[in-house]
Amino acid sequence: MKLNDSRTINADIGIVWAALLDKNVLQACVPGCTEMSGSADEGFEATVVQKVGPVKATFKGAVALNDRVEPTNLTIKGEGKGGAAGFANGGAVVTLEKVEAGFTQLTYEVEAKVGGKLAQLGSRIIDGFAKKMADEFFSRFQEAVEGPADPAEDAAEAKKPGWFKRMVTS
Amino acid sequence: MPKDNGIGASSKRREDVRFLTGAGRYTDDINIHGQAYAHFVRSDVAHGTINGIDASAAEAMPGVLKVFTATDFEGVGGIPCGWQVTDRHGEPMQEPKHPVLAEGKVRHVGDPIAVVVAESLGQARDAAEALEIDISELPAVMDMKDALTEGAAKVHDDLTSNLCYDWGFVEENREAVDDAINGAHHVTTLELRNNRLVANPMEPRVAVGDYSAADDEHTLYTTSQNPHVIRLLMGAFVLGIPEHKLRVVAPDVGGGFGAKIYHYAEEAFCTFAAKALRRPVKWTSSRSEAFMSDAHGRDHVTKIELAMDEQGKFLAIRTDTHANMGAYLSTFAPSIPTWLHGTLMAGNYTTPLIYVNVKAVFTNTVPVDAYRGAGRPEATFQLERVVDKAAREMGIDPIELRRRNFITEFPYATPVAVEYDTGDYNATMDKLLEISDHSGFEVRAAESKANGKLRGFGIAHYIEACGIAPSNLVGQLGARAGLYESATVRVNATGSISVFTGSHSHGQGHETTFAQVVAEMIGIDEGQVDIVHGDTSKTPMGMGTYGSRSLAVGGSAMVRATEKIINKARKIAAHLMEAAEADIELKDGQFTVAGTDKSVAWGDVTLAAYVPHNYPLEDIEPGLEETAFYDPANFTYPSGAYGCEVEVDPETGKVKVLGFAAADDFGNVVNPMIVEGQVQGGLAQGIGQALLENCAYDQDGQLISASYMDYAMPRADDLPMFTVDHSCVTPCTHNPLGVKGCGEAGAIGSPPALVNAVIDALQRGGHDVKHIDMPLSPDRVWTAMNG
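The structure displayed is predicted, hence computed values, not measured ones. (Residues numbered from 1 in each chain as written. Chains lettered and ligands numbered in written order. Predicted model: local features only at pLDDT ≥ 70, side-chain atom pairs only at ≥ 80, totals over all residues.)

**Looking at the overall build of chain A**
Part 1 of the argument: The helix and strand tally for chain A stands at five helices and seven strands.
Part 2 of the argument: The secondary structure elements of chain A, listed N-terminal to C-terminal, are β-α-α-β-β-β-β-β-β-α-α-α.
Part 3 of the argument: Its C-alpha radius of gyration of 16 Å places chain A within 12% of the 15 Å reference for a compact globule of 170 residues.
Part 4 of the argument: Overall size of chain A, expressed as C-alpha extent along the three principal axes, is 50 × 35 × 25 Å.
Part 5 of the argument: Buried residues in chain A amount to 38% of all 170 residues.
Part 6 of the argument: Excluding contacts between residues fewer than 6 apart, the proportion of contacts in chain A whose partners are at least 24 apart in sequence is 51%. (Helix = DSSP H or I, 4+ residues; strand = E, 2+ residues; numbered from the N terminus. Rg over C-alpha atoms; globule rule 2.2 N^0.38 Å. Buried ≥ 20, exposed ≤ 12 C-beta atoms within 10 Å, placed from the backbone. Contact = placed C-beta atoms within 7 Å.)

Next up, the structure:
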């Protein structure tokens with residue numbers, strides 16, 4: 001399956017780019033990620049616990065950041081083996097574009113593929129699942145960069161920057 | 001008055017008492033002291049190279065006895081194929097090796113790579129998670145036509161291509177058929193797919209292997225339709241165990257539908273591992289495993305052309321089929337799209353010229369083999385669909401068009417090599433129109449229309465070849481086995497009888513029907529007769545149950561053996577009554593001397609046979625036990641007319657089956673209730689294929705309909721009340737019971753009737769839809785209606 005989406009992030013393109021390469025950001029943003037090691041240059045090893053329809057599994061796999069053109073393009077590629085549950089592979093082609101000062105448009109095209117028991121039991125719901133995973137990843141990413149998108153909080157006080165933005169700008 | 005005993009009585013199925021009260025003894029009920037458990041590790045990619053398997057971590061896990069891989073099976077044969085098809089050019093089919101466990105490559109999702117044997121099933125499963133299997137995925141070969149293009153990826157690297165065979169039948173007629181089609185008044189063409197199905201017997205497959213070192217004897221308990229065939233294939237071709245050291249037991253089996261005919265890797269594995277480990281080894285399939293390891297059915301892509309003259313008389317038929325073999329050749333796979341399909345292409349019609357071309361193709365999918373009907377449903381579906389389309393194109397009523405072309409004189413030799421011995425197709429058609437209230441259809445259609453629904457009526461007339469099969473004939477056609485059947489009738493001293501049959505019952509009710517036949521012949525109560533089957537150590541060499549053959553072939557063997565018993569018993573009775581043998585009559589279990597009041601009872605004669613104090617020992621041996629092997633002279637040809645009435649909701653495309661009527665000619669009927677049950681079950685499966693079931697793969701070869709969430713089995717509320725009739729009887733002319741077989745008919749005749757009904761409904765509703773591929777899901781019907 002394939003899906004596309006985009007969102008505007010309230011941060012400079014350089015900060016968004018740096019966040020995409022940050023191990024701690026990735027670990028925080030990959031839904032169900034319990035462990036992540038490695039680096040952007042050498043690739044990451046990740047452990048992800050996820051439930052796809054009726055199948056709950058621990059996926060061990062690799063995440064690689066390829067085709068990097070700083071600060072505008074990269075590909076996130078993940079391959080996970082879930083033992084008896086089968087496997088799940090996925091990738092996102094990410095494009096960054098400066099919209100105006102302090103705002104960056106993040107566009108992604110996601111492709112996901114499952115095999116084994118996941119395909120046998122979960123193919124019907126895999127599109128929805130992949131969309132949910134992608135949405136969750138980029139929402140968390142947006143939050144990590146620009147802070148929680150809570151309207152009540154927005155009204156009460158000036159929006160606080162996200163933890164990654166605070167860290168890199170302080 | 002209906003009979004309450006013997007042939008023609010609707011005796012209640014005696015086996016149902018144990019099945020319905022949980023007292024059946026299925027293979028999974030067999031647990032042997034010290035048994036270990038096997039868990040199969042299967043490929044989750046469709047096609048790939050195995051780079052390496054590291055079992056060290058798995059073997060160190062608690063309870064693990066051993067992890068088996070292909071290296072343990074070096075020196076062991078592959079799973080054999082039981083039928084060799086010769087292609088159009090006189091060359092044998094391409095026959096790849098089918099290893100017990102994958103060697104070097106995996107070729108379908110579910111292909112077994114390794115087996116973990118442990119003290120418990122949980123331990124085996126846990127250890128499987130620790131198995132390191134390194135596979136590089138290869139492009140999956142999925143589409144049959146793409147698979148045959150130059151440069152396509154190959155399922156088997158050592159074969160020249162993915163083509164198993166290119167079969168032409170009858171090859172000599174090829175040009176004549178082309179000429180007839182080119183010169184015809186009208187040619188109707190239809191392209192269709194016969195959807196891939198999974199058999200889904202209620203009981204999944206199970207195998208328990210046991211080995212006795214004391215006498216070097218192997219025993220395999222397995223969910224099989226033919227234990228002797230498994231013994232022969234596994235003993236002689238895979239494991240090299242002589243038959244006298246190998247016992248195969250198929251106890252109560254909960255449904256087969258073809259999927260339990262074949263010899264499977266799991267059977268060979270459990271037998272092999274039991275000796276290797278000196279422990280009984282058990283494997284029980286999960287439902288998920290069944291979807292990806294039981295042989296699938298159907299999966300033909302076909303183009304059929306029907307040529308006619310001005311009056312709609314059929315002149316020629318040409319069909320072109322791609323038949324999916326899957327990744328390996330299952331036991332009888334090559335015979336299904338050829339001899340069980342091509343020979344039926346005449347149907348009930350006098351078409352003088354027929355040419356059938358079948359290209360069998362390897363793909364990265366589960367092997368495909370016989371499934372209820374096996375080849376005959378594929379033949380019937382395309383023929384009865386194209387006849388219906390032709391009727392519409394010619395402006396002739398579909399019933400009338402069929403009648404104009406019916407074979408009416410018998411015996412009838414078809415242009416596709418078979419000879420129908422008997423039948424009356426107009427009689428079954430008449431009966432169908434009567435029992436389906438066809439004359440009232442227009443009124444019902446108007447009612448539906450008033451309710452905003454589209455009602456349609458569809459008809460199909462089928463023929464099938466059952467009672468498989470004359471051994472010398474099938475031998476010429478490539479079968480690597482004979483297809484006779486056997487029976488031993490053992491009369492006990494007190495007159496009760498044990499019949500040992502080579503047929504195998506896995507739901508058909510043989511224990512009841514067969515007892516009725518023997519009881520009728522002797523004139524004793526059915527309760528005096530027991531049927532024993534499913535154990536190679538008990539029954540004579542038999543070929544098992546499939547192809548609606550059990551009563552026609554197995555029953556005939558039983559009749560022959562019982563005739564021998566009666567002949568001998570008459571000699572004993574003649575001696576006891578001091579009369580001439582020629583004057584002895586047997587009726588209602590009494591031997592009498594014709595024209596006198598002298599008689600002896602059955603029990604007196606049987607006792608004399610085993611206590612031969614007053615006995616003609618100079619003429620005959622003591623004892624009363626006879627065996628017969630029966631090899632049929634021809635196939636049997638059941639036929640029937642099926643009618644289906646549907647209502648389509650134009651808003652949603654949902655099809656509701658409102659009525660289904662079946663008028664069958666099965667020849668003589670031994671147990672009408674069992675016959676009706678068989679027809680009803682077949683109809684449910686045929687309607688399941690037409691409306692609901694579909695085995696789907698994605699383009700990467702992932703099996704995406706591998707649970708009951710995605711594979712829609714027919715349920716009671718998908719089906720109407722069936723109207724089933726078998727009062728049209730033209731007895732088979734060449735077997736002693738005059739029976740034809742009823743097991744597959746329902747699944748053969750119903751899919752085209754249903755699809756014809758839906759097309760009729762749509763056409764009546766003003767939608768010019770000519771064909772929809774099965775299953776007719778609301779999505780497909782709605783899409784067809786809305787272009």
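**Points about the overall build of chain B**
Part 1 of the argument: In terms of regular secondary structure, chain B is built from 19 helices and 30 strands.
Part 2 of the argument: Its C-alpha radius of gyration of 27 Å places chain B within 12% of the 28 Å reference for a compact globule of 787 residues.
Part 3 of the argument: Expressed as a percentage of its 787 residues, the buried residues of chain B come to 56%.
Part 4 of the argument: The long-range share in chain B, meaning contacts at least 24 apart out of those at least 6 apart in sequence, stands at 81%.

**Observations regarding the interface of chain B and chain A**
A common way to report how large an interface is uses the accessible area buried once the components associate.
Part 1 of the argument: Chain B puts 14 residues into the contact, and the matching count from chain A is 13 residues.
Part 2 of the argument: Broken down by secondary-structure element, the contributors of at least two residues to the side of chain B that touches chain A are helix H3 (121-129) and helix H8 (287-293) of chain B.

**Brief notes about unusual backbone geometry**
Residues and elements named next belong to chain B.
Part 1 of the argument: Backbone torsion omega between Phe169 and Val170 reads 0°, so that peptide bond is classified as cis.
Part 2 of the argument: Among the structural elements, Val170 can be located in the loop between strand E7 (163-169) and helix H5 (174-182).
Part 3 of the argument: Ala469 follows Ile468 through a cis peptide bond whose omega is -5°.
Part 4 of the argument: Mapped onto the secondary structure, Ala469 falls in the loop between strand E20 (454-463) and helix H13 (471-476).

**Re the sheet that holds strand E21 (residues 485-491) of chain B**
Residues and elements named next belong to chain B.
Part 1 of the argument: As summarised here, the arrangement of the four strands in space is E23-E22-E21-E27, forming an open sheet in which the pairing is mixed. Edge positions in the open sheet fall to strand E23 (529-532) and strand E27 (625-630), since each of these has one partner strand only. Neighbouring strand axes in the sheet, compared pairwise and without regard to direction, differ in orientation by 20° on average.
Part 2 of the argument: Sheet analysis places strand E22 (residues 497-501) next to E23, joined by four bridges and oriented parallel. When the bridges of E23 are listed, Val499 appears paired with Ile531.
Part 3 of the argument: Of the strands in this sheet, E21, E22 and E27 touch helix H15 (residues 550-576), which is tilted by about 35° from E21. (Pairing = 2+ DSSP bridges. Axes fitted to C-alpha atoms, helices over the stretch in contact; angles between N-to-C directions.)

**Considerations on helix H1 (residues 13-20) of chain A**
Part 1 of the argument: Buried residues dominate H1 of chain A, accounting for seven of its eight residues.
Part 2 of the argument: Among the residues making up H1 of chain A, those that are buried are Ile13, Ile15, Val16, Trp17, Ala18, Ala19 and Leu20 of chain A.

**Let's talk about the confidence of the model for chain B**
Part 1 of the argument: Here chain B averages 97 in pLDDT, and 100% of its residues register 70 or above.
Part 2 of the argument: Two numbers describe this predicted complex: its pTM, 0.94, and its ipTM, 0.81. (pLDDT = per-residue confidence, 0-100.)

**Digging into the pairing of strand E2 (residues 48-54) of chain B**
All names here are of chain B.
Part 1 of the argument: Here E2 runs beside strand E4 (residues 105-106); their pairing, made up of two bridges, is antiparallel. Paired with Thr49 across the bridge in E4 is Lys105.
Part 2 of the argument: Relative to strand E6 (residues 132-137), E2 is paired through six bridges, and the arrangement is antiparallel. Bridge assignment links Thr49 to a residue of E6, and that residue is Ser136.

**Looking at the domain arrangement of chain B**
Residues and elements named next belong to chain B.
Part 1 of the argument: Domain parsing of chain B yields domain 1 (27-138 + 202-255 + 260-293), domain 2 (296-469 + 634-785) and domain 3 (484-630).
Part 2 of the argument: Put simply, the middle of domain 1 and the middle of domain 2, counted by C-alpha atoms, are 36 Å apart.
Part 3 of the argument: With 24 residues of domain 1 in contact, the opposing surface of domain 2 contributes 22 residues.
Part 4 of the argument: With four residues, H8 is the single largest residue contributor to the side of domain 1 that touches domain 2.
Part 5 of the argument: For the side of domain 1 that touches domain 2, the residue count by class is 12 nonpolar, nine polar and three charged. (Domains from an automatic or database assignment. Nonpolar A, V, L, I, M, F, W, Y, C, P; charged D, E, K, R; others polar.)

**Focus on the nonpolar core**
Part 1 of the argument: With 287 residues, the main nonpolar core has Val116, Val117, Val518 and Val758 of chain B as its most contacted residues.
Part 2 of the argument: When near neighbours in sequence (up to four residues on either side) are disregarded, Val117 of chain B contacts Ala36, Tyr37, Ala38, Leu65, Lys66, Phe68, Ala124, Ala273, Leu277 and Val281 of chain B. (Core = buried A, V, L, I, M, F, W, Y, C linked by C-beta atoms within 7 Å.)

**Remarks on the environment of Leu159 of chain B**
All names here are of chain B.
Part 1 of the argument: Looking at where Leu159 falls in the secondary structure, it is placed in the loop between helix H4 (144-147) and E7.
Part 2 of the argument: The class of Leu159 is partly exposed, set by 14 C-beta atoms lying within 10 Å.
Part 3 of the argument: Apart from residues no more than four positions distant in its own chain, Leu159 is found in contact with Gln94, Pro96 and Lys154.

**Here we look at the sheet that holds strand E28 (residues 639-648) of chain B**
Residues and elements named next belong to chain B.
Part 1 of the argument: Strand order in the open sheet formed by four strands is E20-E28-E29-E30, and the pairing between neighbours is mixed. Lying at the two open borders of the sheet, with one neighbouring strand each, are E20 and strand E30 (722-725). Averaged over all adjacent pairs, the angle separating strand axes in this sheet is 10°, with direction ignored.
Part 2 of the argument: Of the pairings in the sheet, the one linking E28 to strand E29 (residues 655-665) comprises 10 bridges and is antiparallel in character. Across the sheet, residue Val646 finds its bridge partner in E29, namely Val657.

**What to know about the confidence of the model for chain A**
Part 1 of the argument: For chain A, per-residue confidence averages 85 on the pLDDT scale, and 91% of positions sit at 70 or higher.
Part 2 of the argument: Within chain A, H1 of chain A carries the highest mean pLDDT (93), whereas helix H4 (residues 151-156) of chain A carries the lowest (51).

**Here's the deal with the pairing of E20 of chain B**
Residues and elements named next belong to chain B.
Part 1 of the argument: Most of E20 is tucked away: 10 of the 10 residues are buried.
Part 2 of the argument: The alternating pattern of E20 places Leu454, Gly456, Gly458, Ala460 and Tyr462 and Arg455, Phe457, Ile459, His461 and Ile463 on opposite faces, both of which are buried.
Part 3 of the argument: Note: E20 against E28, 10 bridges, orientation antiparallel. Of the residues in E28, the one forming a bridge with Ile459 is Gly643.

**What to know about the environment of Pro337 of chain B**
All names here are of chain B.
Part 1 of the argument: Tracing the backbone through its elements, the reader meets Pro337 in the loop between strand E16 (314-326) and strand E17 (353-362).
Part 2 of the argument: Separated by 142 residues in the primary sequence, Pro337 and Ala479 have C-alpha atoms spaced 14 Å apart.
Part 3 of the argument: With residues near it in sequence (within four places) discarded, Pro337 still touches His300, Thr321, Ala323, Val358, Ala360 and Gly375.

**A short note on the environment of Ala144 of chain A**
Residues and elements named next belong to chain A.
Part 1 of the argument: Among the secondary structure elements, Ala144 is positioned in helix H3 (residues 117-146).
Part 2 of the argument: Overall, the presence of 22 C-beta atoms within 10 Å leaves Ala144 in the buried class.
Part 3 of the argument: Along the backbone, Ala144 and Ala19 are 125 residues apart, and their C-alpha atoms lie at a distance of 8.4 Å.
Part 4 of the argument: The contact partners of Ala144, leaving out residues within four places of it in the chain, are Ala19, Val25, Ala28, Cys29, Gly162, Trp163 and Phe164.

**Points about the packing of helix H17 (residues 672-691) of chain B against helix H18 (residues 745-764) of chain B**
Residue and element names in this part refer to chain B.
Part 1 of the argument: The geometry of H17 relative to H18 is characterised by a closest axis approach of 7 Å and an angle of 40° between their N-to-C directions. On the basis of the axis angle, H17 is oblique to H18. As H17 runs across H18, the sense of the crossing is right-handed. Residues Val679, Gln680, Gly681, Gly682, Leu683, Gln685, Gly686, Ile687, Gln689, Ala690 and Leu691 of H17 touch H18, and the partners they reach there are Ala745, Gly746, Ala747, Ser750, Pro751, Leu754 and Val755.
Part 2 of the argument: Each residue belonging to the contact of H17 with H18 can be placed in one class, and the counts come to 10 nonpolar, eight polar and no charged. (Parallel < 35°, antiparallel > 145°, perpendicular 65-115°, else oblique. Left-handed = near helix turned anticlockwise from the far one by under 90°.)

**Topic: the packing of helix H9 (residues 376-394) of chain B against helix H10 (residues 398-405) of chain B**
Each packed pair of helices is defined by two parameters, the angle between the axes and the distance between the axes.
All names here are of chain B.
Part 1 of the argument: Viewed as axis vectors pointing N to C, H9 and H10 meet at an angle of 110°, and their least axial separation amounts to 9 Å. One way to sum up the angle between H9 and H10 is to call them roughly perpendicular. Residues Val387, Asp388, Ala390, Ala391 and Met394 of H9 form the contact with H10, whose own contacting residues are Pro398, Leu401 and Arg402.
Part 2 of the argument: Grouping the constituent residues of the contact of H9 with H10 by class yields six nonpolar, no polar and two charged.

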